[in-house]
Amino acid sequence: MILILLTIASSQSSTPDEISADKSSAINESDPVYWYNKGETLLNESVDLDQNMRQEEAIGGYNRSIEAYNKAIELNQSYAEAWNHKGKALRLSGRYSDSIEACDRAIELNPEFSLPWYNKGAAFASMGEYHEAIKAYDEAIRLDPGFAIAWDNKGDALDGLGRYDEAIKSYNQAAELNENYSENKLSIGNSHYDAGEYLAAIKYYDAAIKVDPEDEYAWYNKANALRMLHRNSEAEAAYKKARELGYSGIMTLMEMTIN
């Protein structure tokens, strides 16, 4: 009987490696950096899903990343980076007011941290509150004058307010910081287009196409500008190129009336 009991006890005991792994897991889960890194992994995976039009899966991933950041914050209430990235995940999941609150907490913890100002601006812009977005982008730029995407997004907010000349200046500043930023050239073209400056718009759409010849949006927007100048045959060719590259947006009346 004793031998049987000893055998059973021996079979149920953990190996040294298993004990070590359990201890390591317990240590990791008590480390806020562990949860922060887990949140980052989940957030990056969710962004990829979002970009591939898998929104339902992306939302689930954003929510899991928020849970991970919350764990990091529970373990370290002063973890500004975790508050900032929680704000980013909240914004990308469409919870804009909560995003702004998280970014404000990150700013309170580290007033010299530019990223939460940027994420706060992006949340305001997503809500259509362009004046507040510009204020936040300006703070991000004040703290980091080389923050190209903040300059670019400020341009978007200015464009949204119809302040096209200022938008173009902001886009140009972003372009100076990153000359190969094709999306920036597309944005400059869009501001010129919105201002009725179709030749200037085409110039920037062509610049975007030079950087990325497969940018279907640049081709499509160039076609619209050409159509406004009554250069119909060129517009038709540009529309065709956009469709070949995968453009699947709703056709404008201009495109539908090309013969």
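Figured I'd write up the structure that's included with this text. Bear in mind that the values here come from a model prediction, so they are computed numbers and not experimental data.

What to know about the packing of helix H12 (residues 198-211) against helix H13 (residues 216-228)
Axis angle and axis distance: for two packed helices, these are the angle between their axes and the distance between the axes, and together they describe the pair.
Now for step 1: The N-to-C vectors of H12 and H13 enclose an angle of 160°; their axes lie 9 Å apart at closest approach. Classified by the interaxial angle, the pair formed by H12 and H13 is roughly antiparallel. The handedness of the crossing between H12 and H13 is left-handed. Only Ala-218, Trp-219, Asn-221, Lys-222, Ala-225, Leu-226 and Met-228 of H13 make contact with H12, whose side of the interface consists of Tyr-198, Ile-202, Tyr-205, Asp-206, Ala-208 and Ile-209.

Thoughts on unusual backbone geometry
Now for step 1: Residue His-230 is not a glycine yet carries a positive backbone phi of 65°.
Now for step 2: The residue His-230 is located in the loop between H13 and helix H14 (232-244) in this model.
Now for step 3: By relative accessible area, His-230 is classed as exposed at 64%.

Let's talk about helix H4 (residues 55-75)
The periodicity of an α-helix, 3.6 residues per turn, causes residues three or four positions apart to be oriented the same way.
Now for step 1: Between its first and last C-alpha, H4 extends 30 Å over 21 residues, near the 30 Å set by a 1.5 Å rise per residue.
Now for step 2: For H4, the full list of buried residues reads Ala-58, Gly-61, Tyr-62, Ser-65, Ile-66, Ala-68, Tyr-69, Ala-72 and Ile-73. Around the axis of H4, the buried residues are gathered within 165° of arc, so they sit on the same side. In H4, the exposed residues that point more than 90 degrees away from the buried face are Glu-56, Glu-67 and Glu-74.
Now for step 3: Residues of H4 that are buried sit in contact with helix H3 (32-51) and helix H5 (80-92).

Thoughts on the pattern of salt bridges
Now for step 1: One pass over the structure, following the stated rule, counts 10 salt bridges.
Now for step 2: Of the charged contacts in the structure, one is a salt bridge between Lys-135 and Glu-132, with a shortest N-O distance of 3.3 Å. You can see Lys-135 and its partner Glu-132 sitting in helix H8 (residues 130-143), three residues apart, about one turn around the helix.
Now for step 3: Of the residues examined, Glu-132 reaches a relative accessible area of 30% and is grouped as partly exposed.
Now for step 4: Salt-bridge contacts for Asp-206 lead to Lys-222; the nearest nitrogen and oxygen are separated by 2.8 Å. Of this pair, Asp-206 sits in helix H12 while Lys-222 sits in helix H13, placing them 16 residues apart in sequence.
Now for step 5: In this structure Asp-206 comes out as partly exposed when scored by relative accessible area, which is 33%.

Describing the nonpolar core
Now for step 1: Counting residues in hydrophobic clusters, the biggest one holds 25 residues, and the most contacted among them are Trp-117, Tyr-118, Tyr-137, Ala-140 and Ala-150.
Now for step 2: Put simply, the parts of the chain that give this core at least two residues each are helix H6 (96-109), helix H7 (114-126), H8, helix H9 (148-160) and helix H10 (164-177).
Now for step 3: With seven residues, H8 is the largest single contributor of residues to this core.

What to know about the packing of aromatic side chains
For any two aromatic rings, the description comes down to two numbers: the centre-to-centre distance and the angle of the planes.
Now for step 1: In the structure shown here, the tally under the stated rule is nine aromatic pairs.
Now for step 2: Between Tyr-193 and Tyr-198, the ring centres sit 5.2 Å apart and the planes meet at 65°, which makes this aromatic pair edge-to-face.
Now for step 3: With centroids separated by 5.8 Å and ring planes inclined at 85°, the aromatic side chains of Tyr-217 and Tyr-247 adopt a geometry described as edge-to-face. Remark: Tyr-247 occurs in the loop between H14 and helix H15 (253-256) and Tyr-217 occurs in helix H13; sequence separation between them is 30 residues.
Now for step 4: Among the residues examined, Tyr-217 registers a relative accessible area of 47% and is labelled partly exposed.
Now for step 5: According to the relative accessible area criterion, Tyr-247 is buried, its value standing at 17%.
Now for step 6: Pairwise contacts between aromatic rings join Tyr-217, Tyr-220, Tyr-239 and Tyr-247 into one cluster.
Now for step 7: Taking the ring centre of Trp-35 as reference, the NZ or CZ of Lys-71 above it sits at 5.7 Å.

Concerning H5
Now for step 1: The terminal C-alpha atoms of H5, which comprises 13 residues, lie 19 Å apart, in line with the 18 Å expected from a rise of 1.5 Å per residue.
Now for step 2: The element H5 is extensively covered by neighbouring structure, given that 10 of its 13 residues are classed as buried.
Now for step 3: Looking at H5, one finds that the buried residues are Ala-80, Ala-82, Trp-83, Asn-84, His-85, Lys-86, Gly-87, Ala-89, Leu-90 and Arg-91.
Now for step 4: Of the surrounding secondary structure, the elements contacted by the buried residues of H5 are H3, H4, H6 and H7.
Now for step 5: Once H5 ends, the next one or two residues include Gly-94, with phi positive near 90°.

Notes on the environment of Trp-83
Now for step 1: Assignment of secondary structure puts Trp-83 in helix H5.
Now for step 2: C-alpha of Trp-83 to C-alpha of Pro-116: the two residues are 33 residues apart in sequence and 8.4 Å apart in space.
Now for step 3: Apart from residues no more than four positions distant in its own chain, Trp-83 is found in contact with Ile-73, Gln-77, Ala-102, Arg-105, Ala-106 and Leu-109.

Focus: the packing of H5 against H7
Now for step 1: H7 packs onto H5 with a crossing angle of 20° between their chain directions and a minimal axis gap of 9 Å. On the basis of their axis angle, the class for H5 and H7 is roughly parallel. Classified by chirality, the crossing of H7 by H5 is left-handed. For the pair formed by H5 and H7, the contact residues are Asn-84, Lys-88 and Arg-91 on the first element and Leu-115, Pro-116, Tyr-118, Asn-119, Ala-122 and Ala-123 on the second.
Now for step 2: In the contact of H5 with H7, the residues fall into five nonpolar, two polar and two charged.

Quick notes on the rules
- Residues numbered from 1 in each chain as written.
- Predicted model: local features only at pLDDT ≥ 70, side-chain atom pairs only at ≥ 80, totals over all residues.
- Heavy atoms only, no water.
- Axes fitted to C-alpha atoms, helices over the stretch in contact; angles between N-to-C directions.
- Helix = DSSP H or I, 4+ residues; strand = E, 2+ residues; numbered from the N terminus.
- Parallel < 35°, antiparallel > 145°, perpendicular 65-115°, else oblique.
- Left-handed = near helix turned anticlockwise from the far one by under 90°.
- Contact = heavy atoms within 4.5 Å.
- Buried < 20%, exposed > 50% of the residue type's maximum accessible area, 1.4 Å probe, protein only.
- Expected span 1.5 Å × (residues − 1).
- Arc of directions from axis to C-beta.
- Salt bridge = Lys/Arg side-chain N within 4 Å of Asp/Glu carboxyl O.
- Core = buried A, V, L, I, M, F, W, Y, C linked by side-chain atoms within 4.5 Å.
- Phe/Tyr/Trp six-rings, centres within 6.5 Å; stacked < 30°, edge-to-face > 60°.
- Lys NZ or Arg CZ within 6 Å of the ring centre and 35° of its normal.
- Nonpolar A, V, L, I, M, F, W, Y, C, P; charged D, E, K, R; others polar.

Everything listed here is a matter of geometry and, on its own, says nothing about what the molecule does.
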